[in-house]
Amino acid sequence: MERLLTMFEEADPFSTWWPTIAALAVGLVITVRTIMSGQRCPNDNQIKEQIVVVTGGNSGIGYEIAQALAGRGGRIILACRNMKAAERAAAVIKRELGCRTPCYPDDDTNPADRYFVEARYLDLNSFRSVHHFAGQLMAEFDRVDVLVNNAGLVFANTQLATPDGFEQHSQVNYLASFLLTQLLLPHLKRSEQGRIVFVSAHAHQSAKIDFDDPLNVGTWAVKFHARDAFAHSKLAVLLATRWLARELKDTSVTVNCCTPGLVRGTRHFRNSPLMSSICVRVVTFPWMWIFMKNPYEGAQCAIRLATDPQLKQVTGEYFNDCEIAASSEPGQDKELAKKLYMQTIKTLESVTKLTVDREAYAVKLEQEPELRLETAPETETNQAEDMDTETEMETAMEMEREEQQPLE
């Protein structure tokens, strides 16, 4: 032991370049990681009692958005297909926020009870489910202040259409979110300052849209590869945002879209052919940690769009890292945006309604209160997804929580 202590005492760190090289390497990694993590939401203002709907809020970016907005006083509705995971996420959010809330000697209220976070069933693969969700919401609440269209999928089977007959990426990432927005518009207009936030992606820059068939629904249309279908749907989201903002210019409602950037720790990669290999996951993990954001960092831009009073008059814009950014050239094409918007309205009108009878749903809820907690049908697929989501949530929370800064 004495010999070992003597070696450390006599060691000269400047006799070799290795300590310097190691320090520079660590510094470079930390610098790159800091840059790639992006900006944080620049405000901490409260949105007390505002009613916020977050689709896909049971995990990943949606979970972080919901938690941040709940911490700022919002009444959060988690709109999810996986109800078990959604209810679990709602309980975790309330528990974690409650643990951060100071307790006072004369206050017997459970801190977690001060936060309103509720899970509701919404399957974007079904327009009927979208109608049902919107009808319930409009019957129970007199307004909606913020709608965050976050839910989406990638690497789905493009040869397998949804029950409504559309390509899965197109319906889940765009059409169903567009329909939900249209159905909730009357309630958003009742808000003092309604906000609609669409989540797009960097992938929109590689998308191509046929001007004569922007939805790619023609019988002659070429089937997309999953990667191209995802890019197409995200460009459609951006274009619809541009034109919807023009349609709402004389109202109190703003609509913007943002990209979370490259984000790890979400369920988007569960169907990726590349990430199906354990060896590939092990090799790529260090690089993903350096060059990709975690869900908390990816949620910051949407959080700003939902809360920042400085953006009260900003609408129809594309945001990246909490700032207005330039989109791809097709994403700025006004004629293409109008064409897509009009075809979307026409296509949806041919398969479903674009309005909800609020009074009819109110009567149904009075007669059958259990409708308010509609759950997904139990199938083998849903049960498997429940298990996957539970495992992913527990693992992701343990791995990511160390990096995440505490919410305001």
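You'll find the structure just up there.
Computed from a predicted structure; not experimentally measured.

Caption draft 1: Main features of the pairing of strand β1 (residues 51-55). Counting buried positions over the five residues of β1 gives five, a clear majority of the element. Neither face of β1 is open: one carries Ile51, Val53 and Thr55, the other Val52 and Val54, and all of them are buried. The pairing of β1 with strand β2 (residues 75-80) spans five bridges and is parallel. Bridging from a neighbouring strand, Thr55 pairs with Ala79 of β2. On the question of chirality, the crossover connecting β1 to the parallel β2 by way of helix α3 (residues 60-71) is right-handed. Note that β1 and strand β4 (residues 146-149) share three bridges and pair parallel. Paired with Val53 across the strands is Leu147, a residue of β4.

Caption draft 2: Structural detail: the nonpolar core. The biggest cluster of nonpolar side chains holds 61 residues, and the ones touching the most others in it are Tyr174 and Ile196. Element by element, the count of residues in this core is highest for helix α6 (residues 168-190), at eleven residues. Contact partners of Ile196, with chain neighbours within four places excluded, come to Leu147, Asn149, Thr181, Leu185, Leu188, Leu244, Leu248, Val253, Thr254, Val255 and Asn256. In this structure, Ala66, Leu97, Cys258 and Ile303 belong to the second largest nonpolar core, which totals 41 residues.

Caption draft 3: Looking closely at the sheet that holds strand β8 (residues 323-324). What the eight strands build is an open sheet, ordered β3-β2-β1-β4-β5-β6-β7-β8; its pairing is mixed. The outermost strands of the open sheet, each flanked by one partner alone, are β3 (117-121) and β8. This element, helix α4 (residues 83-100), spans β2 and β3 of the sheet and lies at about 170° to β3.

Caption draft 4: Structural detail: the pattern of salt bridges. Enumeration over the complete set of coordinates arrives at twelve salt bridges. A salt bridge links Asp123 to Arg81; the nearest nitrogen and oxygen atoms lie 4.0 Å apart. One end of the pair, Asp123, is in the loop between β3 and α5 (127-140); the other, Arg81, is in the loop between β2 and α4, with 42 residues separating them in the sequence. The class for Arg81 is partly exposed, based on a relative accessible area of 30%. Here Glu118 and Arg120 are joined by a salt bridge, their closest N and O atoms 3.2 Å apart. Among the residues examined, Arg120 registers a relative accessible area of 1% and is labelled buried. The network of salt bridges with shared partners includes Glu118, Arg120 and Glu140.

Caption draft 5: Structural view of the packing of aromatic side chains. Considering all chains together, one arrives at three aromatic pairs under this definition. One aromatic cluster is present, formed by Tyr174, Phe178 and Tyr341 through successive ring pairs. Directly above the ring of Phe116 sits Arg75, whose terminal nitrogen or CZ lies 4.1 Å from the centroid.

Caption draft 6: Broad picture of the packing of α3 against α4. Two elements in contact, α3 and α4, have axes whose closest approach is 10 Å; the angle formed by their N-to-C orientations is 40°. One element, α3, and the other, α4, form an angle in the oblique class. Where α3 crosses over α4, the handedness of that crossing is right-handed. On the side of α3, the interface is formed by Tyr63, Ala66, Gln67, Ala70 and Gly71, while α4 contributes Ala89, Val92, Ile93, Glu96, Leu97 and Arg100. Partitioned by chemical class, the residues of the contact of α3 with α4 number seven nonpolar, two polar and two charged.

Caption draft 7: Quick peek at a nonpolar patch on the surface. On the surface, a cluster of nonpolar side chains totalling about 460 Å² of accessible area is made up of Trp17, Trp18 and Ile21. Position of Trp18 relative to the elements: it lies in helix α2 (residues 18-36).

Caption draft 8: Structural view of unusual backbone geometry. Although it is not a glycine, Glu49 sits at a positive phi angle of roughly 65°. Position of Glu49 among the secondary structure elements: in the loop between α2 and β1.

Caption draft 9: The pairing of β2, seen in detail. Counting buried residues in β2 gives five out of six residues, a clear majority hidden from the surface. Relative to β3, β2 is paired through five bridges, and the arrangement is parallel. Opposite Ile77, over in β3, you have Glu118 as the bridge partner.

Caption draft 10: How the structure looks around the environment of Glu359. Along the chain, the position of Glu359 falls in helix α12 (residues 358-367). Looking at Glu359, the relative accessible area reads 54%, which means it is exposed. Residues Glu359 and Ala139, spaced 220 residues apart in sequence, show a C-alpha to C-alpha distance of 6.8 Å.

Caption draft 11: Up close: the environment of Ala207. Within the secondary structure layout, Ala207 lies in the loop between β5 (195-199) and α7 (226-247). Classification of Ala207 by relative accessible area gives buried; the value is 9%. Ala207 has contacts with Ala231, His232 and Leu235, leaving out every residue within four places of it along the chain.

Basis of the calculations
Residues numbered from 1 in each chain as written. Predicted model: local features only at pLDDT ≥ 70, side-chain atom pairs only at ≥ 80, totals over all residues. Heavy atoms only, no water. Buried < 20%, exposed > 50% of the residue type's maximum accessible area, 1.4 Å probe, protein only. Helix = DSSP H or I, 4+ residues; strand = E, 2+ residues; numbered from the N terminus. Pairing = 2+ DSSP bridges. Right-handed = clockwise from strand over helix to strand, strands pointing away. Core = buried A, V, L, I, M, F, W, Y, C linked by side-chain atoms within 4.5 Å. Contact = heavy atoms within 4.5 Å. Axes fitted to C-alpha atoms, helices over the stretch in contact; angles between N-to-C directions. Salt bridge = Lys/Arg side-chain N within 4 Å of Asp/Glu carboxyl O. Phe/Tyr/Trp six-rings, centres within 6.5 Å; stacked < 30°, edge-to-face > 60°. Lys NZ or Arg CZ within 6 Å of the ring centre and 35° of its normal. Parallel < 35°, antiparallel > 145°, perpendicular 65-115°, else oblique. Left-handed = near helix turned anticlockwise from the far one by under 90°. Nonpolar A, V, L, I, M, F, W, Y, C, P; charged D, E, K, R; others polar. Patch = residues over 30% accessible without salt bridge, like charges linked within 9 Å, V, L, I, M, F, W, Y side chains within 5 Å. Areas by Shrake-Rupley, 256 points an atom, 1.4 Å probe, with all protein chains shown as cover.

Interpretation in functional terms is not warranted from these geometric data alone.
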